[in-house]
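What follows is each chain in one-letter form.
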Amino acid sequence: MRRLVLIIMVAVCTLTVRAQIAEVWVSMPDSVCPYLNAQQRKQMFDRALNGVFVPTVNQLNGISLIEAVDLPGNTLRVRYSQVQVTEIQAGNDTIVIIDHVCAPVCSTLTRRYNYAWMLLSAECSKWDAELTDEEKEQLF
């Protein structure tokens with residue numbers, strides 16, 4: 001009986017986490033994600049959950065790709081373009097979006113939103129030193 005209750009609890013938690021990061025990704029406003037519309041984001045996420053990481057032609061005629069989905073961590077890593085990688089994390093009360101842009105100087109923009117997509121805070125940092133090709137390969 002305990003085992004059955006434990007299995008049900010794990011299943012409910014997994015489905016809740018899956019729904020949370022999926023809902024965040026699909027409901028993201030165009031002002032936050034100008035590269036992809038909601039339909040493209042939903043299709044990309046559904047394929048990624050099935051282990052199919054297929055590049056998608058984005059709204060700017062470039063290529064975007066979900067690189068990783070971490071359901072237990074409730075995070076998503078997306079390559080919007082050749083120079084921008086974004087990490088999205090859905091927390092209990094906030095959504096954190098970290099944009100890494102490297103063209104040719106690198107910078108990071110960290111934004112925190114509530115679940116109504118109201119911006120709570122934003123921080124930008126510029127990396128003074130340019131990355132080596134090997135470091136860029138690891139990040140990008």
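These numbers come from a predicted model, not from an experiment. (Residues numbered from 1 in each chain as written. Predicted model: local features only at pLDDT ≥ 70, side-chain atom pairs only at ≥ 80, totals over all residues. Heavy atoms only, no water.)

In terms of nonpolar packing, the biggest core is built from 23 residues, with Trp25, Met28, Tyr80 and Ile88 touching the most fellow members. The set of elements that each furnish at least two residues to this core consists of helix 1 (2–27), helix 2 (38–49), strand 3 (75–79), strand 4 (84–90) and strand 5 (95–102). Sorting elements by how many residues they give to this core places helix 1 first, with four residues. Sequence-distant contacts of Tyr80, defined by excluding residues within four places in its chain, comprise Trp25, Met28, Cys33, Tyr35, Leu36, Asn58, Ile63, Ser64, Thr86 and Ile88. (Core = buried A, V, L, I, M, F, W, Y, C linked by side-chain atoms within 4.5 Å. Buried < 20%, exposed > 50% of the residue type's maximum accessible area, 1.4 Å probe, protein only. Helix = DSSP H or I, 4+ residues; strand = E, 2+ residues; numbered from the N terminus. Contact = heavy atoms within 4.5 Å.)

Any two side chains of opposite charge can pair, on the condition that their charged atoms come close. Taken as a whole and assessed by the stated rule, the structure comprises six salt bridges. Of the charged contacts in the structure, one is a salt bridge between Arg77 and Glu87, with a shortest N-O distance of 3.6 Å. Remark: Glu87 occurs in strand 4 and Arg77 occurs in strand 3; sequence separation between them is 10 residues. Taking the shortest distance from any N to any O, the salt bridge between Arg112 and Glu123 comes out at 3.9 Å. Residue Arg112 is found in strand 6 (residues 106–113), and its partner Glu123 is found in strand 7 (residues 119–126); the two are separated by 11 residues along the sequence. Look at Arg112 and you get partly exposed, because its relative accessible area is 31%. Residue Glu123 is classed as partly exposed on the basis of its relative accessible area of 49%. Because the salt bridges share partners, they merge into one network encompassing Glu67, Arg77, Arg79 and Glu87. (Salt bridge = Lys/Arg side-chain N within 4 Å of Asp/Glu carboxyl O.)

Evaluated as defined, the whole model comprises one cavity of 30 Å³ or more. Taken as a whole, the largest cavity encloses approximately 30 Å³ of empty space. If you go around the largest cavity, the residues you meet are Met44, Arg47, Ala48, Val52, Phe53, Val54, Leu65 and Ile66. Those elements giving two or more residues to the lining of the largest cavity turn out to be helix 2 and strand 2 (63–70). Here the element with the most residues in the lining of the largest cavity is helix 2; it accounts for three residues. Its residues placed into classes, the lining of the largest cavity shows seven nonpolar, no polar and one charged. (1 Å grid on protein atoms, 1.4 Å probe; cavity = no way out; pocket = protein on both sides within 12 Å on 5 of 7 lines; lining within 4 Å. Points joined across faces, edges and corners; volume = space filled by probe spheres on them. Nonpolar A, V, L, I, M, F, W, Y, C, P; charged D, E, K, R; others polar.)

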